[in-house]
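# Architecture and fold: a report
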Amino acid sequence: ICTRYFVDAKTGSILFQYDLLEHATATGKGVLGDTKTLTATQSGTRYLLRDTTRGGGIETYTINNRTSGSLTTVSSTSYVFNDPAAVDAHAYAAAVYDFYKNKFNRNSLDGGGMPIRSVTHYSTRYNNAFWNGTYMVYGDGDGRTFAPLSGALDVVGHEMTHGVIENTANLEYMNQSGALNEAIADMFGNVIQGKNDWLIGEDVYT
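Because the structure is predicted, anything quoted here is derived from the model rather than measured. (Residues numbered from 1 in each chain as written. Predicted model: local features only at pLDDT ≥ 70, side-chain atom pairs only at ≥ 80, totals over all residues. Heavy atoms only, no water.)

A separate point is the environment of Gly151. Along the polypeptide, Gly151 turns up in the loop between β13 (136-139) and α2 (153-166). Along the primary structure Gly151 and Ala91 are separated by 60 residues, whereas in three dimensions their C-alpha atoms are 9.8 Å apart. Ignoring sequence-local partners within four residues, the contact set of Gly151 consists of Val31, Leu32, Asp88, Tyr92 and Val204. (Helix = DSSP H or I, 4+ residues; strand = E, 2+ residues; numbered from the N terminus. Contact = heavy atoms within 4.5 Å.)

Below is the structure:
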C-alpha cells in the first residue's frame, strides 16, 4: 500500500497522511453469476483488486493454478473484472472484514489491522480452501463436486475466522482443540453468511 506521510520532525508524530494510489469502484460477476461491487485501486492504466480503505488493506492474488511460486495481484484494464473466483474472494473478504469491525470493533484478523490477502486459482481442479497462517487460499474446484470455493461467503468467512482464532485462542490443530477450531470457524462462517442453515459451502457444491 503506497501512502505519503507528513511527520513532525521534533516529535516524530504523524501529522497527515494520504494514499498515493487512487481508489476506484469496480464491478465483476462472481462464481454464481451475480454482480459484485468492489473497492479497487487504479494504478496507471490498470485496476488492481486492492482495497486500501479497510484496515491494513485487502488484496486478492492469483497463483495461476500452481501450488507454489510468486503471487500476482489480480488486475484488469478496466473497472470491470472478468475473474469470478477473484471477484468473490475480494468482495467476500471485505464483507467478512466489515462483519468483524461492525459487530466486534475488530480491525482485521489480528485486531491490529493486518493486511488481508486472498490467493485464488490454487492448483488444478482443487476441491478445497484453507488458511495457511498468512493468507486464505482457494481452489477452483473440479467442476463436478465443487465450483471455485471462493464463491461461497460462508467458506470465506470460515477461512478468515481461522485467522482470527490463530490470533486469539490459537487453538492447537489436533484432537479436541482442533475440533473446536473447525467448529468455531463453521459457526462464524454461517453467521456471517446470515442464512442460518448450518451448511458450509453449499452454494459452490455442485
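Here we take up α2. Its 14 residues place the ends of α2 20 Å apart at the C-alpha level, agreeing with the 20 Å of an ideal helix rising 1.5 Å per residue. Across the 14 residues that make up α2, a large majority, 13, are buried. (Expected span 1.5 Å × (residues − 1). Buried < 20%, exposed > 50% of the residue type's maximum accessible area, 1.4 Å probe, protein only.)

Considering only enclosed or pocket space, the largest pocket measures out at about 350 Å³ in volume. Along the wall of the largest pocket there are 21 residues; nearest its centre are Trp131, Glu159, His162, Tyr173 and Glu182. Looking at the lining of the largest pocket, the elements that each hand over two or more residues are β12 (129-131), α2 and α3 (175-193). With six residues, the top contributor of residues to the lining of the largest pocket is α2. Residue classes in the lining of the largest pocket are distributed as 10 nonpolar, six polar and five charged. (1 Å grid on protein atoms, 1.4 Å probe; cavity = no way out; pocket = protein on both sides within 12 Å on 5 of 7 lines; lining within 4 Å. Points joined across faces, edges and corners; volume = space filled by probe spheres on them. Nonpolar A, V, L, I, M, F, W, Y, C, P; charged D, E, K, R; others polar.)

Let us now look at the nonpolar core. Ranked by size, the top nonpolar core spans 27 residues in total, and within it Val96, Leu109, Ile116, Met136, Tyr138, Leu149 and Met160 carry the most contacts. Within the residue set of this core, elements represented by two or more residues are α1 (84-104), β12, β13 and α2. The dominant element in this core, judged by the number of residues it contributes, is α1, at eight residues. Sequence-distant contacts of Leu149, defined by excluding residues within four places in its chain, comprise Tyr126, Asn127, Asn128, Ala129, Tyr138, Gly139, Gly141, Val155 and Val204. (Core = buried A, V, L, I, M, F, W, Y, C linked by side-chain atoms within 4.5 Å.)

Looking at the secondary structure, you find Asp142 in the loop between β13 and α2. Exposure remark for Asp142: the relative accessible area of 12% places this residue in the buried category. Looking at Asp142, its side chain comes within polar contact range of the side chain of Asn127, at 3.0 Å. A polar atom in the side chain of Asp142 sits 2.7 Å from the backbone nitrogen of Thr145. (Polar contact = N/O pair within 3.5 Å; in protein donor to acceptor, adjacent residues only side chain to side chain.)

Bringing the pairing of strand β4 (residues 35-43) into the picture now. Bridge count for β4 against strand β5 (residues 46-48) is three bridges, and the pairing is antiparallel. Bridging from a neighbouring strand, Ser43 pairs with Arg46 of β5. Count of turn residues in the β4/β5 antiparallel hairpin: two residues, of which Gly44 carries a positive phi of about 65°. (Pairing = 2+ DSSP bridges.)

Take the packing of α2 against α3 next. The interhelical angle for the contact between α2 and α3, taken along N-to-C directions, is 130°, at an axis separation of 7 Å. If you check the angle between α2 and α3, you find them oblique. Here α2 and α3 pass one another in a crossing that is right-handed. Counting all contacts with α2, which are made through Leu153, Asp154, Gly157, His158, Thr161, His162 and Ile165, the residues of α3 involved are Asn181, Glu182, Ile184, Ala185, Asp186, Phe188, Gly189, Asn190, Ile192 and Gln193. The residue inventory of the contact of α2 with α3, partitioned by class, reads six nonpolar, eight polar and three charged. (Axes fitted to C-alpha atoms, helices over the stretch in contact; angles between N-to-C directions. Parallel < 35°, antiparallel > 145°, perpendicular 65-115°, else oblique. Left-handed = near helix turned anticlockwise from the far one by under 90°.)

On to the pattern of salt bridges. Evaluation of the coordinates by the stated rule reveals eight salt bridges. Residues Glu59 and Arg50 are paired through a salt bridge, measuring 2.9 Å at the closest nitrogen-oxygen approach. When sorted by exposure, Glu59 lands in the same class as Arg50, which is buried. One salt bridge in this structure joins Arg54 and Asp51, with 2.6 Å as the shortest N-O distance. Note on accessibility: Arg54 and Asp51 belong to one class, buried. Connected through salt bridges with shared partners, the residues Asp34, Lys36 and Asp88 form a single ionic network. (Salt bridge = Lys/Arg side-chain N within 4 Å of Asp/Glu carboxyl O.)

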